[in-house]
Each structure stands twice: as C-alpha cells, then as structure tokens.
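Breakdown of the fold
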Amino acid sequence: MTGATLITANGAVEADLRVRDGVVREIGPALTPLEDELVLQLEGQWVGPGFVDLHTHLREPGGESSETIASGARAGIVGGYTALVAMPNTEPALDTVALVSFVLAEGARTPISIAVAGSITQNREGQQLAPMAEMAQLGVRVFTDDGSGVQNAGVMRRALSYAKPLGVRLAQHCEDDSLVGSGVVNEGPLAESLGLSGRSTLAEEIMVQRDIDLLRSTGGSLHFLHLSTARSIELVKNAKAEGLDVTCEVTPHHLTLDESACATYDPLFKVHPPLRSSLDVFALREALGRGHIDAVATDHAPHAPESKDRAFDEAPAGLLGLETAASLTYEALGQSSCDPVLFYSVLSRGPARVAQLRANDNPVGLSAQGGALQVGEAANLTAFDPSVQWRVDASALQSRASNTPYADRVMIGRVSTVISKGVLVLREGVLQ
Amino acid sequence: MIETIRGQNLLSLNDLSKDAIIEILNEAESFVEVNERAIKKVPALKGRVVASLFFEESTRTRLSFETAAKRLSADVLSLAVASSSVKKGESLRDTIATVDALGIDAVVLRHASSGAAEQVSRYVPHVRVVNAGDGQHQHPTQGLLDAFTIRQTLAERRGLDPIASGATLFEGLKVLIVGDIRHSRVARSDIAAYTTLGAEVRVAGPPTLLPQSVAQWGATLAPNFEEALRWADVVGLLRLQRERGTESFVPTLNEYTTTFGLTQERASLLKPGALIMHPGPMNRGVEVDSKVADGPQAIIRRQVSNGVPVRMAVLYLSIAGLGRAK
C-alpha cells in the first residue's frame, strides 16, 4: 500500500505498508515493490485497522429474507468492516451453545470475523438467565437482550453479578417499557402534532441511571448500546469518571438525522431508540468529537421491503447501517476537520476493545482486530478515501434488504479497500 | 400552505389556507340544496371512480362519504379492508396497488394509523387521496363540517348569507374543546380549522389527556373548566375513546364525568346562545348528559347532516378538473 496516511497507535504517519502471508511485514517510507506484489496506490487516503461493528443484526437464523450471515458480511466489507458482532435477537434467540455455534460456523465461512453476542436471558424474555458461562467458553465476550432492555432491575443485577467472574461484558438496550408504551417516535411537540405516540428520552435515561447504580453494587463491566440523548451521554461520562467499567456507543443515524425526518411518516426513519431532537444530535456529535464515545456502532437492522410498506406505527423499527457508517461518521466528525486517529478509534480500536477482541494493544487469542498497524500483526486493514463523493443507491447495496434512510443522499468519503485476514476483499469499492 | 384543494389531496387541515377552507365551505353551501331535492343527484363526477377504503371500522363517516360520492354521480368502489386482505398479511402498499389497478380517480381512506393517508398519497401519486381519518392525526372533513355547521348556524341566527359572510363569523369567536385532545384526530383538525378562520380556541380536560404542545397548534389551555364554559361561544365535546384504551388515562369514567362531563349543572353556566357540538358517536352520560345533548343549544344532528354536502364539496373540488392518468 503506497501513498496513504497510516493510522497507527502513535498517530498518523505518511508511510508505505507491505502485507505478505497475511501479516503486516514492513512499514516505512518509499518501500520498493517486490516482483510478485500487487501495489495499491492510495494517494490521499487513510489506512488503518479494519472497522469493527459492535451492533449488527445478521438476521440468521430466522430472518433470512432480510439478511443472512453471508450477505451481512458482504455489506460489512463494503462498509470497511473486518469484524462484526452478531446480535442475538434472531429467531430463535442466540441463547444456547448450539445456536451460538451455528452462527460462529456460518461466520467462519465468510472472509471476515463474525463474533457473537449471546442473550442475557433465555429467549430474551428478561426472566431466567441464559447459560452465559457455556457460551463464554465458545468465545462469546458480549451478552445482550438487545431489541429490548432487561426490564426487571432484580434480573439485571443478577446478570451483572453472574457475568462478572466470566470476564464478559453485558450490553444494555436502554428503554424502560413502561415509559415507552406504544411509542414510535421521539416524544415531544412533533409527535403530538403528527398524532404518533412518543418514546421519551426519559425511558432511556432512567435505565442508564439504574444500570450504572446496579453496576456500582455488583462490579463487572457494562456497555450501553445506541445512546441517543444528551443526558445519557452525561451519565455515562460521569460513571466513567467515577471509575466504573462502562462503555457506550452511538449510531451513525443518531449522529446525522433528527426527529424531523419522521414528519412525512416514512417508516424508513422508524428506529428504536427513535431519532431525537436536533439538540440531542448536536450533543452526541460534540461528545463524539471530544472522544467521550467508545464506538460508533451501526445497529444495522435489515427489514424486507414488504415489512416497511406498512403504516408507520405498524412497520418494524430499524434501518441499514453497515454500508454508510464510515461516511456518516466522517460527516459527524466534521469531514474536512475530521481527525483520522479519532475516526479509526471510534470505528475500530474502540469497538474492538468493547467487544474484547483486543485488550490494550494486545490481541486477545487469535484476534487481530482494532490493531495498531504494527509489523508482525495479522493484516486486517481498511482504507478510507476522505475526498471521494458518492450517492447512496438503495438498490445497489449488498444487504438483502434495502431499508436505508439515506437513499440518494450524497456522501463524502468512502471506503475503498479492505484487507481481511491478509486477503484483499475490497478493491476500489468493489468486492473481490 | 395550500391555497386551494382543486385537483389536490386533502390530507390535513394544518396546511390549508383560510381561502382554501372558505372555498370548500362555500362549495358545500351550493350542495346543501341538492340534498333537499326530491332527486338528490348531480352529474358533477359522472364517470369518475371513488374507492372507499376503510381500514378501520366506521359506519357514519363511511356512509356519509359514499352518499356524497353517489350524489355527485361517481361510481363508488367500497372495500371493507379491515376484514379482508390486511388480515391475510397484505402490506398497505399492495392493497392500494390492487385497488389502483381497477382504475380509480380518488381514494377515501380511513386508517387506524396516523400518517396512512400521506403514505398512500405517495404510493399512488396520480390518484387523489381524501383522508377520512388517520389514527390520532387528522380528520379533515370533520373539521370542515364542524366549521361549516358553526358558520351556517350563526349566519342563520343573524340573518346573514353564509357565503357572503366569508370567515367574518369566526373572527373573535370563542371555542372551547373539551376532553381527550391528546388522542383525538377531530381535535387536531378542529383546532386547525377554527384558528385558521380566526377563532380563539381553548382546550380543557384531564392533564393526562392534554398534549404538552397545544400552544404550537394555536390553542391555549383553559386553567379553569367552569370559567371556560362561561367564556365560550361554542363548546366542542370529544368522545372519550374507550375502544382505544384511553380509560387508563383517567381513574374512572365516573370521575371523568364528575370533573369534565358536560352535566346539566355545567351546561347552565353556558351563555344562552352558546352552541354545543359533538363529532359522535356520543357516550351519553360520560362526556355529555343526555338531556344536554338533546337540548336546544346542541347542534349535533346538524353536524351529521352537513357531513354530506361538505364531503361532496371536498370530492368535487379534489377530483373535478383532474386529468386522467395513463
């Protein structure tokens, strides 16, 4: 790879990089290509560790008409991802060794790394704990009932307590059902005018606060999924300052869309938690820019077209994220003023740590995700071209579904090249 | 801002100008006479096809719309969707596409989901869509017939020609709307119509049934219900929608009646000339006392009669002049 800015653990450096036999073999200025080598000219581009998505709904098993592990992996590659964490709200939920093994096996047939988040409770019902220790033995490092939060405080405390010695991280979808009710958009004047029931910011914040208090009593580690409000971010920031092992993610859509997108009742903009006020969007962007957010995570949620061709309150929540996340993160970080180190931090190194694919700069087990771009490390690399302009074509997405809210939007910056496990899997935006 | 609904959809009253509303009310006046003839039919929409799609149970609005369409000589395709394709799992887009394939000029749509009419208007841009009530969002023809009924009644009393009066009878008119504002599409359409026409609107009800942002709709909260009754020229009562589970927003129905029902005692606080309205169907004994509902101040039956000429006006304006697509 020549001509690019390399994003290393020690900052951005202008240098060439040689990959051989699946590992980064050499980094230095003006490397001479060997005879049998392919030279990727990446002038003006950034090269850093492959992106890691903490929050992908791959829909398999049970939702194969919306996405499969294979199609989700292809969408991930186009988006620059070399590792995805598959969410467990499949049908059936990933709550046993057999089901986790199935997803891991299918994932191993893709060119990238597919990790699995197991469910905290059996069938994600929020009642009886799922066999977390057995799943942890398969390498599961994250557990969540995502899609809904664990509503019962007693169950959540028990789960945190049980998970602590396993060394795994619980991840919570924070929305209190009793406050959410039948809500479908952000609670407030717009929802009232549209005649749509609201999901309040309070529903999220009250559970964030509750879980921080629970974690203080149990110890262990906890990740907050798709935070969407200014106050949630503040609560997590304070908990970190207190020394609690908490992490958080925000989604590209909560960073780039506000509730006004729902004013035409287009179900493509329906998502949980809902798109919030422009003030919340501003606060999320500011926190991201200041490095208070551990990860940008997609909450990639494919839905077959027919399911979105319904009335707003009847349509399922969720939108596609993998193929647009990098451009949107770049946008949220200010495009021309975007710090490439921070960019790779929230898309790769941060999420790799949360998912325990990496501790500090040492790979955990065989994983080499979110790495430091150092010689000897397995090559999982993503090149991002910050200058290219492109238009989102919903029909050209790799995902089986096409429920992107960004159709026809002009984006700046795009992933050009991905090397996964030492293999060139995306070149000039084209799957290899 | 929409200045006329000629050839346009009618989805909401929020974006209709005063002129657009007055145009509909005036057109409706001319159709009142048709409804008084022995042969109640004009050829205005002869050869046009109106599909009446009710995804939600309704007898009154549906009868009113279909009567209006037939009196304009339109062919009416009436589909009881609530009991057919939806239960078989068909998407909204497919249901509309199927009906559209039969060759239609307009859709009258009732749906339990807010925004359904706007979505349908995107699915079939060449078809005119008239919203006959979408979830908790809008019920535009109800708002129009309520405004029509107020103007007609006040004009009659003062010996004025309603058409010539334009919007003047609404200027400074004091309207109180009582009850479940939060879940009511009628309230949203009424408030839009009245405030656009120049009336002053206050709302009253239990706090759990009031929207927080009513000021942005151009209305204000009445701090004291009894005082507001003394203040009002028109009192619009809303149905406590027990079928939507709104009972859980108040402790008991009896307590609702005690605190916000228009009882005989409260009705005696009203100005002698004040009008009492209700979009129906009424919960007699809950939001309104039976005798009050049948009393001289109530114009509730007039509202029902006016539904037909107002809906004739809406269908006529919306469809006439519309070029055939394809």
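What follows concerns the overall build of chain A. Within chain A, the secondary structure is distributed over 13 helices and 21 strands. Relative to a compact globule of 432 residues, whose C-alpha radius of gyration would be 22 Å, chain A shows 20 Å and is just as compact. Along the longest, intermediate and shortest principal axes, the C-alpha atoms of chain A span 65 × 50 × 40 Å. Across the 432 residues of chain A, 57% fall into the buried class. In chain A, once contacts between residues fewer than 6 apart in sequence are set aside, the share between residues at least 24 apart is 73%.

Residues and elements named next belong to chain B. Strand order in the open sheet made by the 4 strands is β2-β1-β3-β4, with parallel pairing throughout. Of all the strands in the sheet, just β2 (75-79) and β4 (128-134) have a single pairing partner and so form its edges. Across the sheet, the axes of successive neighbouring strands diverge by a mean angle of 15°, strand direction being ignored. Relative to the sheet, helix α2 (residues 60-71) contacts β1 (49-54), β2, β3 (106-111) and β4, its axis offset from that of β1 by approximately 175°.

A word on the sheet that holds strand β5 (residues 46-49) of chain A. All names here are of chain A. The strand order β2-β1-β5-β18-β19-β20-β21 describes an open sheet built from 7 strands, whose pairing is mixed. Sheet topology places β2 (11-14) and β21 (430-431) at the edges, where each strand pairs with a single neighbour. The pairing of strand β19 (residues 410-420) with strand β20 (residues 423-427) spans 3 bridges and is classified as antiparallel. Each residue of the ladder has a partner; that of Val418, found in β20, is Leu426.

Before going further, it helps to examine the packing of helix α3 (residues 92-101) of chain B against helix α4 (residues 116-123) of chain B. Residue and element names in this part refer to chain B. It is at 10 Å that the axes of α3 and α4 come closest, and there the two elements cross at 55°. By the criterion of interaxial angle, the relationship of α3 to α4 is oblique. Here α3 runs over α4; the crossing is right-handed. Residues Leu92, Arg93, Ile96 and Ala97 of α3 form the contact with α4, whose own contacting residues are Ala116, Gln119, Val120 and Tyr123.

The next subject is the pairing of strand β3 (residues 16-20) of chain A. Side-chain direction in a regular strand flips from residue to residue, so the side chains alternate between the two faces of the sheet. All names here are of chain A. With 4 of 5 residues buried, β3 lies mostly within the body of the structure. Both β3 and strand β4 (residues 23-28) contribute to a ladder of 5 bridges, which runs antiparallel. Pairing of Asp16 across the sheet is with Gly28, part of β4. The turn linking β3 back onto β4 is made up of 2 residues, and Asp21 within it adopts a positive phi angle of 55°.

Contact residues are listed per partner, giving 19 residues for chain B and 15 residues for chain A. Those elements that place two or more of their residues in the side of chain B that touches chain A are α3, α4 and α7 (185-197) of chain B. In terms of residues, the side of chain B that touches chain A owes the most to one element, α4(B), which gives 3 residues. In the side of chain B that touches chain A, the residues fall into 3 nonpolar, 12 polar and 4 charged.

A few words on the packing of helix α5 (residues 140-158) of chain B against helix α12 (residues 300-319) of chain B. All names here are of chain B. Interhelical geometry of α5 versus α12 gives an angle of 115° and a closest axis separation of 8 Å. Pair α5 / α12 crosses with right-handed handedness. Side by side, α5 and α12 meet where Thr141, Leu144, Leu145, Asp146, Phe148, Thr149, Gln152 and Thr153 of the first sit next to Arg302, Gln303, Asn306, Gly307, Val310, Arg311 and Val314 of the second. A class-by-class count of the residues in the contact of α5 with α12 yields 5 nonpolar, 7 polar and 3 charged.

Let's shift gears to the nonpolar core. All names here are of chain B. The biggest cluster of nonpolar side chains holds 223 residues, and the ones touching the most others in it are Val235 and Leu315. With 9 residues, the top contributor of residues to this core is α12. Mapping this core onto the domain boundaries places at least three of its residues in each of domain 1 (18-138 + 305-319) and domain 2 (140-304). The residues touching Val235, leaving out its near neighbours within four places in the chain, are Leu176, Val178, Leu229, Leu262, Leu270, Ala274, Ile276 and Met277.

Residues and elements named next belong to chain B. Partitioning chain B into domains gives domain 1 (18-138 + 305-319) and domain 2 (140-304). Contacts between domain 1 and domain 2 engage 23 residues on the former and 26 residues on the latter. Those elements that place two or more of their residues in the side of domain 1 that touches domain 2 are α1 (18-32), β4 and α12. In terms of residues, the side of domain 1 that touches domain 2 owes the most to one element, α1, which gives 8 residues. For the side of domain 1 that touches domain 2, the per-class residue count stands at 8 nonpolar, 10 polar and 5 charged.

It is worth spelling out unusual backbone geometry at this point. Most of the time, phi is negative for any residue but glycine, and the peptide bond is trans. A cis amide bond, omega 0°, links A:Glu91 with the succeeding residue A:Pro92. You can see A:Pro92 is positioned in the loop between β7 (81-86) and α2 (97-108). A cis amide bond links B:Gly280 to the next residue, B:Pro281, at an omega of -10°. Along the chain, the position of B:Pro281 falls in the loop between β9 (275-277) and α11 (290-293). The phi dihedral of A:Arg59 falls on the positive side, at around 65°, and the residue is not glycine.

What follows deals with the environment of A:Ser232. Residue and element names in this part refer to chain A. Following the sequence through the fold, Ser232 ends up in helix α8 (residues 230-242). Judged by the 27 C-beta atoms lying within 10 Å of it, Ser232 falls in the buried class. Setting aside its immediate chain neighbours within four residues, Ser232 contacts Glu204, Glu205, Val208 and Leu227.

Rules behind the numbers
Each chain has its residues counted from 1, following the order in which its sequence is written. The order in which chains are written sets their letters, starting at A; the order in which ligands are written sets their numbers, starting at 1. Side-chain atom pairs in this predicted model are given and counted only at pLDDT of 80 or more, local residue features only at pLDDT of at least 70, and totals for whole chains, interfaces and linings cover all residues. Counting from the N terminus, the helices are the DSSP runs of H or I reaching at least four residues and the strands are the DSSP runs of E reaching at least two. Throughout, the radius of gyration refers to the C-alpha atoms, and the reference size of a globule is 2.2 Å times the residue count to the power 0.38. We call a residue exposed when 12 or fewer other C-beta atoms sit within 10 Å of its C-beta, buried when the count reaches 20 or more, and partly exposed for counts in between; the C-beta positions come from the backbone. Working definition of a contact: two residues with C-beta atoms, positioned from the backbone, lying within 7 Å. Paired strands are those between which DSSP finds at least two bridges. The angle between two axes is taken between their N-to-C directions and runs from 0 to 180 degrees, where each axis is a line fitted to C-alpha atoms and a helix contributes only its stretch in contact. Any angle from 65 to 115 degrees is called roughly perpendicular, while one under 35 is roughly parallel, one over 145 is roughly antiparallel, and all others are oblique. If you view the pair so one helix is near and one far, a crossing is left-handed when the near helix is turned anticlockwise from the far one by less than a right angle, and right-handed when it is turned clockwise. Gly is placed with the polar residues, together with every amino acid not listed as nonpolar (Ala, Val, Leu, Ile, Met, Phe, Trp, Tyr, Cys and Pro) or charged (Asp, Glu, Lys and Arg). Residues of type Ala, Val, Leu, Ile, Met, Phe, Trp, Tyr and Cys that are buried and joined through C-beta atoms within 7 Å form what is called a nonpolar core. Residue ranges assigned to each domain were obtained from an automatic or database domain assignment.

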